[in-house]
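# Working through the structure, step by step
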Amino acid sequence: MLQRLLRLTVAGLIAATGTVAVAQPAEAALPHCNGAGVYTSTWSGAPGATAWIPAYVTSTFNFNCLLIRGDHNSGVGELQRTLSYIYGQNLGPNGVDNDFGGYTQTALRNVQSALGIGVDGEYGPQSRDHICWRWTGSDNSCIWLNNNH
């Protein structure tokens, strides 16, 4: 009886709204980056090198986070610095302004395309792992977060 009631309820909801809820990708469960944190390289090509990268900041740094258009924080600024200084991308008249707007989205899409990864103009784990991050204290040197490069 309960199972039949549940089926009728679901059928009624579909009929009333004309839609079916679809599960979102696993990335949707990730927090939005709300700042930046220092990553220290353990890769043998650059041991001990540091880079500021977007992070979800609480009492620790969680580098497994998302940035999308409309976000505004220091993590966006670090992404912008890397897009501009390392990849030569145009960030518009305001340059590095910590605001994930249209110029930042276009710059990220350009870099994602050049790196051969999914092009969506959103920053997440795939972009994080493929971008060569601006080395702290340098505008033209970068490090990867792993040794896959």
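This is a predicted model, so every value here is computed, not measured.

Scanning all chains against the criterion turns up 3 aromatic pairs. An angle of 80° between the planes, with centres 6.3 Å apart, marks the rings of Tyr39 and Phe63 as edge-to-face. Of this pair, Tyr39 sits in strand β1 (residues 35-40) while Phe63 sits in the loop between β3 (61-62) and α2 (74-86), placing them 24 residues apart in sequence. For the pair Tyr39 and Phe63, a shared accessibility class is recorded, and that class is buried. Ring-pair connections join several aromatic residues into one group, and the members of that group are Tyr39, Phe61 and Phe63.

Turning our attention to the nonpolar core. Ranked by size, the top nonpolar core spans 23 residues in total, and within it Ile53, Leu67, Leu79, Leu108, Tyr123 and Trp133 carry the most contacts. The set of elements that each furnish at least two residues to this core consists of β2 (50-57), α2 and α3 (102-115). What Ile53 contacts, discounting residues up to four positions off in sequence, is Gly35, Ala36, Gly37, Tyr39, Phe63, Glu78, Arg128, Trp133 and Leu145.

To continue, consider the state of the cysteines. The full count for this structure, using the stated rule, is 2 disulfides. Disulfide pairing places Cys33 opposite Cys65 at an S-S distance of 2.1 Å. Across the S-S bond of Cys33 and Cys65 the torsion is about 95°, and the bridge reads as right-handed. Taken together, the positions of Cys33 in the loop between α1 (2-17) and β1 and Cys65 in the loop between β3 and α2 put the pair 32 residues apart, joining distant regions of the chain. For the pair formed by Cys33 and Cys65, the shared burial category is buried. Here Cys132 pairs with Cys142 through a disulfide, and the sulfurs are 2.0 Å apart. Here Cys132 and Cys142 share a disulfide; its torsion about the S-S bond, 95°, makes the bridge right-handed. Separated by 10 residues along the polypeptide, Cys132 in the loop between α4 (125-130) and β4 (133-134) and Cys142 in strand β5 (residues 142-143) bring together distant segments of the chain. Taking the relative accessible area as the measure of exposure, Cys142 reaches 27% and is therefore partly exposed. Disulfide connectivity for the chain, with bonded cysteines indexed by sequence position, reads 1-2, 3-4.

Thresholds applied
- Residues numbered from 1 in each chain as written.
- Predicted model: local features only at pLDDT ≥ 70, side-chain atom pairs only at ≥ 80, totals over all residues.
- Heavy atoms only, no water.
- Phe/Tyr/Trp six-rings, centres within 6.5 Å; stacked < 30°, edge-to-face > 60°.
- Helix = DSSP H or I, 4+ residues; strand = E, 2+ residues; numbered from the N terminus.
- Buried < 20%, exposed > 50% of the residue type's maximum accessible area, 1.4 Å probe, protein only.
- Core = buried A, V, L, I, M, F, W, Y, C linked by side-chain atoms within 4.5 Å.
- Contact = heavy atoms within 4.5 Å.
- Disulfide = S-S within 2.5 Å.

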